[in-house]
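For reference, the chains in residue letters:
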Amino acid sequence: MSSTNIQQQTVPLNEIRYNEQGLVPAIAQDYLDGTVLMLAWMNKESLQKTLATGETWYWSRSRQELWHKGATSGHIQKVRSLRYDCDSDALLITIEQIGDIACHTGERSCFHQVDHSKIAPPADTLSQVYRVIRDRADHPQENSYTCKLLAGGDNKILKKIGEESAEVVMACKDDNPEAIASEVADLLYHTLVALAYHQVDIRDVYRQLQSRRG
């Protein structure tokens with residue numbers, strides 16, 4: 001059974017509560033790191049087309065017409081899952097954003113402005129930490145532990161990964177939940193440093209994990 005058929009079975013179109021204009025807000029969220037990419041509107045027809053094609057279709061309130069996201073730019077959105085909230089009046093669509101650009105301005109997310117300054121939108125914790133590490137690599141800071149690790153290269157980074165791995169093992173042997181959480185956090189951090197040093201994007205790791213979900 002295709003994912004589209006599954007979505008059609010799990011999204012009861014007649015139970016969605018549309019507003020007086022026949023619309024429902026739809027939030028598009030990156031399926032890998034949870035970044036909120038955009039907010040648009042759907043009506044019953046655009047929702048049906050989204051479920052039928054596996055790509056997002058929205059309703060343009062300004063043009064008063066359906067629009068296939070990315071039809072012109074090539075930045076289409078492939079639907080990974082679609083769910084609705086407890087009141088059935090809002091949709092959450094997890095998507096694979098082709099081209100990694102959802103905003104018409106060319107930004108990854110429409111939610112990139114803070115006090116009129118452009119910054120990357122929040123994602124999951126590991127992605128945010130990875131982003132900081134990459135920034136340290138591009139803009140070294142004196143007395144930064146991360147910068148010292150990166151400057152030391154594989155010899156320093158891999159030694160720390162080995163040490164932290166052993167500490168995770170010992171914490172697990174001691175059956176100490178607090179220590180396990182702390183040591184795993186250390187191991188994840190140093191692994192992220194290794195990824196950044198070798199210029200491997202954490203989203204590539206997420207894609208590998210997604211491919212192994214079965």
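In this report, the structure presented in the accompanying data block is examined.

Scoring rules and cut-offs
Residues numbered from 1 in each chain as written. Predicted model: local features only at pLDDT ≥ 70, side-chain atom pairs only at ≥ 80, totals over all residues. Heavy atoms only, no water. Helix = DSSP H or I, 4+ residues; strand = E, 2+ residues; numbered from the N terminus. Expected span 1.5 Å × (residues − 1). Buried < 20%, exposed > 50% of the residue type's maximum accessible area, 1.4 Å probe, protein only. Arc of directions from axis to C-beta. Contact = heavy atoms within 4.5 Å. Polar contact = N/O pair within 3.5 Å; in protein donor to acceptor, adjacent residues only side chain to side chain. Core = buried A, V, L, I, M, F, W, Y, C linked by side-chain atoms within 4.5 Å.

Quick notes on helix α4 (residues 145-173)
For α4, which comprises 29 residues, the first-to-last C-alpha distance of 29 Å sits more than 12% below the rise-based estimate of 42 Å (1.5 Å per residue). For α4, every residue scored as buried is listed here: Thr146, Cys147, Leu149, Leu150, Gly153, Ile157, Ile161, Glu164, Val168 and Ala171. Where α4 ends, the next residue or the one after it, aspartate 175, has phi of about 55 degrees, a positive value.

Some points on helix α6 (residues 202-211)
Along α6, the residues that are buried comprise Ile202, Arg203 and Tyr206. Taken around the axis of α6, the buried residues stretch over an arc of 100 degrees, which confines them to a single face. Looking at the buried positions of α6, the neighbouring elements they touch are β1 (24-30), α3 (125-138) and α5 (177-197). For α6, the N-terminal capping position is held by aspartate 201, with its side-chain oxygen 2.8 Å away from the main-chain nitrogen of arginine 203.

Comments concerning the nonpolar core
In terms of nonpolar packing, the biggest core is built from 18 residues, with Met42, Leu47, Tyr58, Leu91 and Ile93 touching the most fellow members. Of all the secondary-structure elements, those providing two or more residues to this core are β1, β2 (36-42), α2 (44-53), β5 (77-84) and β6 (91-97). In terms of residues, this core owes the most to one element, β2, which gives 4 residues. With near-sequence residues (within four places) excluded, leucine 91 lies in contact with Ile16, Val24, Pro25, Ala26, Ile27, Met42, Leu47, Leu82, Arg83 and Tyr84. Counting 16 residues, the second-largest nonpolar core is a separate cluster that includes Leu32, Leu150, Ile157 and Tyr206.

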